[in-house]
Amino acid sequence: DTAVSQTPKYLVTQMGNDKSIKCEQNLGHDTMYWYKQDSKKFLKIMFSYNNKELIINETVPNRFSPKSPDKAHLNLHINSLELGDSAVYFCASSQEGAGGRSQYFGPGTRLTVL
Amino acid sequence: GNSVTQMEGPVTLSEEAFLTINCTYTATGYPSLFWYVQYPGEGLQLLLKATKADDKGSNKGFEATYRKETTSFHLEKGSVQVSDSAVYFCALSDQAGTALIFGKGTTLSVSS
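Just so it is clear, the structure is predicted and the values come from calculations on it, not from any experiment. (Residues numbered from 1 in each chain as written. Chains lettered and ligands numbered in written order. Predicted model: local features only at pLDDT ≥ 70, side-chain atom pairs only at ≥ 80, totals over all residues. Heavy atoms only, no water.)

1. Quick word on the packing of aromatic side chains
Residues and elements named next belong to chain B.
Right, so step 1: Taken as a whole and judged by the stated rule, the model has 12 aromatic pairs over all chains.
Right, so step 2: With centroids separated by 5.6 Å and ring planes inclined at 40 degrees, the aromatic side chains of Phe 62 and Tyr 88 adopt a geometry described as tilted. With Phe 62 in strand β8 (residues 62-65) and Tyr 88 in strand β10 (residues 86-93), the pair connects residues that are 26 residues apart, well separated along the chain.
Right, so step 3: Look at Phe 62 and you get buried, because its relative accessible area is 2%. (Phe/Tyr/Trp six-rings, centres within 6.5 Å; stacked < 30°, edge-to-face > 60°. Helix = DSSP H or I, 4+ residues; strand = E, 2+ residues; numbered from the N terminus. Buried < 20%, exposed > 50% of the residue type's maximum accessible area, 1.4 Å probe, protein only.)

2. Details of empty space enclosed by the protein
Residues and elements named next belong to chain A.
Right, so step 1: Applying the stated rule across the entire model yields 2 cavities of 30 Å³ or more.
Right, so step 2: A volume near 50 Å³ is recorded for the largest cavity.
Right, so step 3: Along the walls of the largest cavity sit 11 residues, with Asp 30, Met 32, Tyr 49, Ser 68 and Lys 71 positioned nearest its centre.
Right, so step 4: Elements that contribute at least two residues to the lining of the largest cavity include exactly β4 (31-37), β5 (43-50) and β7 (64-70). (1 Å grid on protein atoms, 1.4 Å probe; cavity = no way out; pocket = protein on both sides within 12 Å on 5 of 7 lines; lining within 4 Å. Points joined across faces, edges and corners; volume = space filled by probe spheres on them.)

3. A word on the state of the cysteines
Residue and element names in this part refer to chain A.
Right, so step 1: Overall, the coordinates contain 2 disulfides over all chains when judged by the stated rule.
Right, so step 2: With its sulfur 1.8 Å from that of its partner, Cys 23 forms a disulfide with Cys 91. Given an S-S torsion of about -75 degrees, the disulfide between Cys 23 and Cys 91 has left-handed geometry. Placement of Cys 23 in strand β3 (residues 19-25) and of Cys 91 in strand β9 (residues 87-94) is noted, with a sequence separation of 68 residues between them. (Disulfide = S-S within 2.5 Å.)

Written as structure tokens, this is what we have:
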């Protein structure tokens with residue numbers, strides 16, 4: 001049973017297109033996240049959702065928008081894709097609450113913008 | 001702001017060698033500390049964690065001790081295997097339990 005799943009695993013698209021990445025967790029966690037890993041493998045938080053409310057947004061362009069239909073899903077929509085958006089995007093989830101709650105990551109979606 | 005600094009890689013070792021990957025952090029308050037591992041082509045897996053000073057996290061032969069006096073959380077393993085080849089990330093989570101802040105990762109390559 002996959003705890004955190006993402007689709008698609010690979011996404012190749014042209015500049016200017018709009019695309020979505022889906023994420024689902026079956027751990028019953030209340031908080032979900034999106035991270036971006038660049039070509040040098042540096043990981044940076046993009047968004048997190050807690051009980052369907054956005055709680056942080058780290059200077060991400062507004063072309064990126066997270067959407068959470070329920071607490072088990074957090075999808076990432078990207079409009080007007082740019083070359084610099086090429087990266088691996090990871091979804092994660094954790095229990096709401098104090099620090100120390102472990103985050104569980106999905107397998108990642110490798111986005112390539114041509 | 002909060003930050004994590006890891007030793008630069010790559011680290012290249014022979015099988016059964018001793019491993020240390022250094023990690024230091026800057027944070028206000030009392031963060032929780034984590035080590036994650038990323039095998040080639042895969043997502044991140046939690047390796048171990050510690051939530052307060054002097055705690056020792058351990059898993060699969062890896063250990064790390066939360067040292068508040070030196071703001072460090074160094075990863076160690078007594079005898080590495082080829083299967084340990086991966087990228088290792090040190091991370092912290094603040095008391096609010098929001099996002100993880102990661103170090104830049106250290107690539108470990110173990111040869112037989």
